[in-house]
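Below are the chains, spelled out letter by letter.
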Amino acid sequence: MHPPTPSSGALRRLGTQRWTTAAKTSRQCAAIHMTTRATVPSTKQTLPSHAVRAAVAAPSSPTLPTVTQTAQRRTFHSTDHPPPPGPFGATESALLAAAYQHVPEHGFSSAALAFGARDAGFPDISTSVLPDGEFGLIRWHLELRKAELAGRAEEMFVGEGKGKEYKIPEKIEMLIWERLTGNKEVIGQWQQALAIMASPTNVPVSIKHLAELADEIVYLSGDKAVDPSWYSSRAGVSAIYASTELFMTSDKSEGFTDTRQFLRRRMEEARGVKGALGNVGQWVGFSAMGALNVARSWGVRV
Amino acid sequence: MASRPGLRSIAAASTSASRTFAPRFVPPTSRSFASTHPASRPTTTTNDTSDRPTSFGFETVTESEKRERVAGVFSSVADSYDRMNDMMSLGVHRLWKDHYVSSLNPGYTPPGQAARPQHILDIAGGTGDIAFRHLHTAHVLNRNPDVRVTISDINPDMLEVGKKRSSILPASQQAALSFLQANAEDLTGKVADNSMDLYTVAFGIRNFSNMPAALQEAHRVLKPGGVFACLEFSKVGNALLDSVYKRWSFGAIPMIGHLVAGDRDSYQYLVESIENFPSQEDFRQLILDAGFGVAGQGYEDLTGGIAAIHRGIKPLA
Ligand SMILES: C[S@@+](CC[C@H](N)C(=O)[O-])C[C@H]1O[C@@H](n2cnc3c(N)ncnc32)[C@H](O)[C@@H]1O
């Protein structure tokens, strides 16, 4: 396996890897050596362009997706919650996957980690092996939700080319919304998570995660080269995503409809569709301010 | 040290005589404790690598010779050991130890749940520094009185220091302490398989003649899911800090060691053993080779890598 490097073929494959039967139970996970990332071949589905790009980037890759099938929408409490791809070893995955089930109640905390360890049959001391404690649990969430996007993208854009066309900004908006719905179960804990992410030692990793998510969204929306606008740039997607996410943490509306509208307005502003903010100068002002606050929420000291 | 005229004169005699350790190695007859080791160490036929070459500071000696010499070093510095640690760590080893133990968080229990017993094995724990911190964190901070610590060391003098110091602990903590004289490379018959929650070794492992054997023993005695943790001087990443630190450690410390303990050679050994210890990456590999899993990069640098904490976990069966 490769470390996720943005826009490399490796990232593309990591980003689309679907975990199915691999390491279903924590015990099985633990049996695998921790640094051996599970390489169980998984069934995955990809956008055609995806496969093409991956093939170009890594022609001999053994992990290239070959089987296409309908992705299952995973529910939060599914018992065989799949470990997301990324930098997690088997035992680490077992501990984090079990702990993640306790996040809605206990937050991204040592308590959640400790409950998870007991569930998975580990002694209480075992969570001390995790190098960054609760932040590791946050990274788990980020990797897991990012990894789900590719499969969801295929479902969402399935009609494409068969009579239905989406514009790139539409797809970006759909993808951002899709990713935000991945925060629903933990939204009550997310402000606390943002605070942890903003602590000085965590900032570089937090920013890297945001950048990787933006890359993934831009990538899944289609080829960036044909749409060089701000909203389809990494900076643009990062800013819009992070500000909407922040809004969502205090959104009490049913089904997060206010957040949905907030996102729509941000996209419209970015595209200059309506109103005063369509004015380029003001937009730049807004986006600079927005990006600033957003950067702060993800921990940048500005 | 100062209170042992016999030792002192031997040490003083050897300081003039270059950096060979043999003269200062105390003959067993002069101390009843030392006579139990290494002479009476059970020689295992399968595992006996006593004749294999290993490093002693910058010299190469056989493994059994190293064991004897290390025993000599620590017998001669046991009492002034803390001062040495202060110098080698630029005064921050207590902070490292605090951080080390609080990061292991012994005795922690999920809120509202019943506390479970834990057994901690503090290897090379001589002076008790690490063990006492574990007891405090577990019993006082985490309110889990069911955490026991066994302090183990090859050197009876070091264990004596630990015992003496433990007398100031609250009675309940003293009751949770036990002492075990043993060579970390072979704990058979002394520590049962799958019996420990946490194996900790602080500033000890670089003195072992056969580190892989010690790591295998750690793996054997830990429960599945149990944690191996090691705090040790390590490799400084930053070149500038490294050169300054080397200058300090090689230049000043043996001098100071001579002044405070009248024992230049022992300190020279300590400095060289630190220099010889594997890099963070190499040590991590040794941990993996012993069958442990690691999470993330597997170690954490302290003060730019002057020391590092390594952690491993024994996978569930
Ligand atoms: C530098 S002291 C560490 C004391 C304590 N852990 C601390 O951090 O303050 C190193 C200890 O390792 C012990 N030691 C050396 N070789 C050993 C071995 N093979 N098995 C067990 N202990 C050993 C020495 O006797 C000495 O007490």
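Remember, it's a predicted structure, so these values are computed and weren't measured experimentally. Residues take numbers from 1 onward in each chain, read along the sequence in its written order. Whichever chain is written first is A, and whichever ligand is written first is 1; the rest continue in order. Reporting in this predicted model follows two pLDDT cut-offs: at least 70 for local features of residues, and 80 or more for side-chain atom pairs to be given and counted; totals over whole chains, interfaces and linings ignore these cut-offs and use all residues. Side-chain descriptors were evaluated using all non-hydrogen atoms of the structure, hydrogens and water having been removed beforehand.

Participant: What's the story with the overall build of chain B in this structure? I'm lost.
Facilitator: Each helix and strand in chain B was counted, giving eleven helices and nine strands. Throughout this description, buried means an accessible area under 20% of the type-specific maximum (1.4 Å probe, protein chains only), exposed means over 50%, and partly exposed covers the range between. Per-residue burial for chain B yields a buried fraction of 57% across its 317 residues. Note on contacts: a residue pair qualifies if any of its non-hydrogen atoms lie within 4.5 Å across the two residues. The contacts of chain B with a sequence gap of at least 6 include a subset with a gap of at least 24, amounting to 74%. Going along the chain from the N terminus, every DSSP run of H or I of four or more residues is numbered as a helix, and every run of E of two or more is numbered as a strand.

Participant: Help me understand the side chain of B:Gln280, please; the structure alone is not making it clear to me.
Facilitator: All names here are of chain B. Its place among the elements puts Gln280 in helix H11 (residues 280–289). Definition of a polar contact: a pair of N or O atoms within 3.5 Å, with one able to donate and the other able to accept a hydrogen when the atoms are protein atoms, and with sequence-neighbouring residues admitted only if both atoms are side-chain atoms. Polar contacts involving the side chain of Gln280 include one to the side chain of Asp301, which spans 2.8 Å. The contacts of Gln280, once residues within four sequence positions are left out, are Ser234, Lys235, Tyr299, Asp301, Gly305, Ala308 and His310.

Participant: When you look at the interface of chain B and chain A in this model, what are you seeing that I'm missing?
Facilitator: Interface size, as often reported, equals the accessible area lost upon joining of the parts. Taken together, the contacts link 32 residues of chain B with 25 residues of chain A. By buried area we mean how much accessible surface two parts lose on assembly, using a 1.4 Å probe and totalling the loss over both. For the pair chain B and chain A, the summed buried surface comes to about 2300 Å²; carbon and sulfur atoms form 65% of the total. Along the contact surface separating chain B from chain A lie four residue pairs in polar contact (both at pLDDT 80 or more). Mapped by element, the contributors of at least two residues to the side of chain B that touches chain A are helix H4 (93–104), strand S6 (196–202), strand S7 (222–233), H11 and strand S9 (307–313) of chain B. A per-element tally of the side of chain B that touches chain A places S7(B) first, with four residues.

Participant: I'm lost on the packing of helix H7 (residues 133–156) of chain A against helix H9 (residues 187–197) of chain A in this one. Help?
Facilitator: In a pair of packed helices, the angle between the axes and the distance between the axes together describe the arrangement. Residues and elements named next belong to chain A. All axes here are fitted lines through C-alpha atoms, helices being fitted over the stretch that makes contact, and every angle between N-to-C directions spans 0 to 180 degrees. Interaxial distance between H7 and H9 falls to 10 Å at its minimum, and their mutual angle equals 115 degrees. What the angle tells us is that H7 and H9 run roughly perpendicular. Seen along the crossing, H7 lies across H9 with a hand that is left-handed. Two secondary-structure elements touch here, H7 through Glu134, Phe135, Ile138, His141 and Leu142 and H9 through Trp190, Ala193, Ile196 and Met197. Residue composition of the contact of H7 with H9, by class: seven nonpolar, one polar and one charged. Oblique is the label for every angle not falling under 35 degrees (roughly parallel), over 145 degrees (roughly antiparallel), or within 65 to 115 degrees (roughly perpendicular). By definition, any crossing whose near helix is turned counterclockwise from its far helix by less than a right angle is left-handed, and any crossing with a clockwise turn is right-handed. For this classification, Asp, Glu, Lys and Arg are treated as charged, while Ala, Val, Leu, Ile, Met, Phe, Trp, Tyr, Cys and Pro are nonpolar and the rest, including Gly, are polar.

Participant: When you look at the environment of A:Ile138 in this model, what are you seeing that I'm missing?
Facilitator: Residues and elements named next belong to chain A. In this structure, Ile138 sits in helix H7. The class of Ile138 is buried, set by a relative accessible area of 0%. Put simply, Ile138 and Ser109 are 29 residues apart on the chain and 9.4 Å apart in space, counted from C-alpha to C-alpha. Not counting residues within four places of it along the chain, the set of residues in contact with Ile138 comprises Phe108, Trp190, Ala193, Ile196 and Met197.

Participant: Just checking my understanding: could you explain the pairing of strand S4 (residues 147–153) of chain B for this structure?
Facilitator: The side chains of a regular strand alternate between both faces of the sheet. All names here are of chain B. Burial of S4 is extensive: six of the seven residues sit out of reach of the surface. Pairing between strands is defined by DSSP: at least two bridges between them are needed. Bridge count for strand S3 (residues 118–123) against S4 is six bridges, and the pairing is parallel. Within S4, the position partnered with Asp122 by the bridge is Ile151. A crossover links S3 with its parallel partner S4, the connecting element being helix H5 (residues 129–141), and its sense is right-handed. Taken together, the five bridges between S4 and strand S5 (residues 177–181) define a ladder with parallel strand orientation. By the bridge assignment, Thr150 is partnered in S5 with Ser178. The handedness rule is simple: strands pointing away from the viewer, and a clockwise path from the first strand over the helix to the second, make the crossover right-handed.

Participant: For this particular structure, what's the right way to read the packing of helix H4 (residues 90–100) of chain A against H7(A)?
Facilitator: All names here are of chain A. Packing of H4 against H7 brings their axes to within 10 Å, and their N-to-C directions diverge by 85 degrees. It follows that H4 is roughly perpendicular to H7 by the angle criterion. Contacts from Glu92, Ser93, Leu96, Ala97, Ala99 and Tyr100 in H4 reach Gly136, Leu137, Arg139, Trp140, His141, Leu144 and Arg145 in H7. Partitioning the contact of H4 with H7 into residue classes produces seven nonpolar, three polar and three charged.

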